[in-house]
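Tertiary structure, described
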Amino acid sequence: MGIIVEVENDHQNDAVLLPPSNFSMVEDGIFRSSFPKPSNFPFLQTLNLRSIIYLCPEPYPEENLEFLRSHNIRLFQFGIEGKTLELETWFVAWYLMHDISMPILKDSIMDALKVLIDVRNHPVLIHCKRGKHRTGCLVGCLRKLQNWCLSSVFEEYQRFAGVKSRAMDLTFIEMFDIISLRQCLYSIIYQYHGYGSKKRRLMYKDENLQKPRLTSF
């Protein structure tokens with residue numbers, strides 16, 4: 001749950017740390033939000049981000065790119081069209097049940113997950129435009145990888161999507177093939193610290209592995 005820091009405007013020069021809308025911590029080192037505005041930059045500085053995962057196809061604004069450059073933040077862009085997530089539920093289900101990779105959506109989510117669970121990219125911020133559907137699908141698939149029960153995954157998705165919740169997104173999350181992700185991430189070991197709701201951390205056993213692809217500025 002995001003927290004907006006409010007202060008009385010007694011001094012015009014007092015700094016106000018304003019998170020992007022729909023901002024929240026997913027877990028240690030992973031955050032989510034809507035598209036950050038320049039007014040959110042002071043808040044983002046406090047997160048000490050190493051990376052941003054951007055889930056829209058539109059070019060990143062130059063003002064935002066300058067902020068990333070000035071703070072040595074890497075940008076990973078996965079261009080998922082908003083219309084891709086507006087397909088009818090039966091169409092999404094048919095593709096997934098027949099193990100057919102939906103153009104852009106399935107492959108992009110898979111590639112984004114690989115970047116997301118690489119702790120060398122943490123702290124990382126995930127965002128799309130409103131931090132609801134594309135971001136919700138990526139976080140939902142992460143939760144499946146973490147063995148969350150579907151009811152908890154869906155509750156988290158709906159908490160951020162609100163009245164804009166889409167049944168097709170939930171169908172996509174439910175039928176997303178996590179097994180194939182685990183198979184292709186053979187170089188990663190899962191090391192859990194603590195039990196139950198305590199944090200779980202993904203660690204690389206070989207820090208000399210090839211680095212993920214970066215989106216150039």
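Cut-offs applied
- Residues numbered from 1 in each chain as written.
- Predicted model: local features only at pLDDT ≥ 70, side-chain atom pairs only at ≥ 80, totals over all residues.
- Heavy atoms only, no water.
- Disulfide = S-S within 2.5 Å.
- Buried < 20%, exposed > 50% of the residue type's maximum accessible area, 1.4 Å probe, protein only.
- Pairing = 2+ DSSP bridges.
- Helix = DSSP H or I, 4+ residues; strand = E, 2+ residues; numbered from the N terminus.
- Axes fitted to C-alpha atoms, helices over the stretch in contact; angles between N-to-C directions.
- Core = buried A, V, L, I, M, F, W, Y, C linked by side-chain atoms within 4.5 Å.

Remarks on the state of the cysteines
- Within this structure, the stated rule accounts for 0 disulfides.
- For the unlinked cysteine Cys128, the closest cysteine sulfur is that of Cys56, found at 5.4 Å.
- No disulfide involves Cys141; its sulfur sits 6.6 Å from that of Cys137, the nearest cysteine.
- The exposure class assigned to Cys141 is buried, which follows from its relative accessible area of 0%.

Overview of the sheet that holds strand β3 (residues 51-54)
- Overall, mixed pairing links the 5 strands, which are arranged β1-β2-β5-β3-β4 in an open sheet. Two strands close off the open sheet at either side, each with one partner strand: β1 (24-27) and β4 (74-77). Taken over all neighbouring pairs, the strand axes of this sheet differ in orientation by 25° on average, direction set aside.
- By the bridge criterion, 3 bridges tie β1 to strand β2 (residues 30-33) in an arrangement that is antiparallel. Within β2, the position partnered with Ser24 by the bridge is Arg32.

Regarding the pairing of β2
- Burial along β2 is two-sided: Ile30 and Arg32 and Phe31 and Ser33, pointing in opposite directions, are all buried.
- The hairpin formed by β1 and β2 contains 2 residues between the paired strands, and Gly29 there has a positive phi angle of roughly 85°.
- Inspection of the sheet shows β2 paired to strand β5 (residues 124-127) by 4 bridges, in the parallel sense. Counterpart to Phe31 in the pairing with β5 is Leu125.

Some words on the nonpolar core
- If you look at the biggest cluster of nonpolar residues, it comprises 45 residues, and the most contacted ones within it are Ile53, Leu55, Ile109, Leu116 and Leu138.
- Those elements that place two or more of their residues in this core are β2, α1 (41-45), β3, α2 (62-70), β4, α4 (105-116), β5 and α5 (133-145).
- No other element matches α4, which puts 7 residues into this core.
- Within the second largest apolar cluster, 6 residues are counted, among which are Val153, Tyr157, Leu170 and Ile173.

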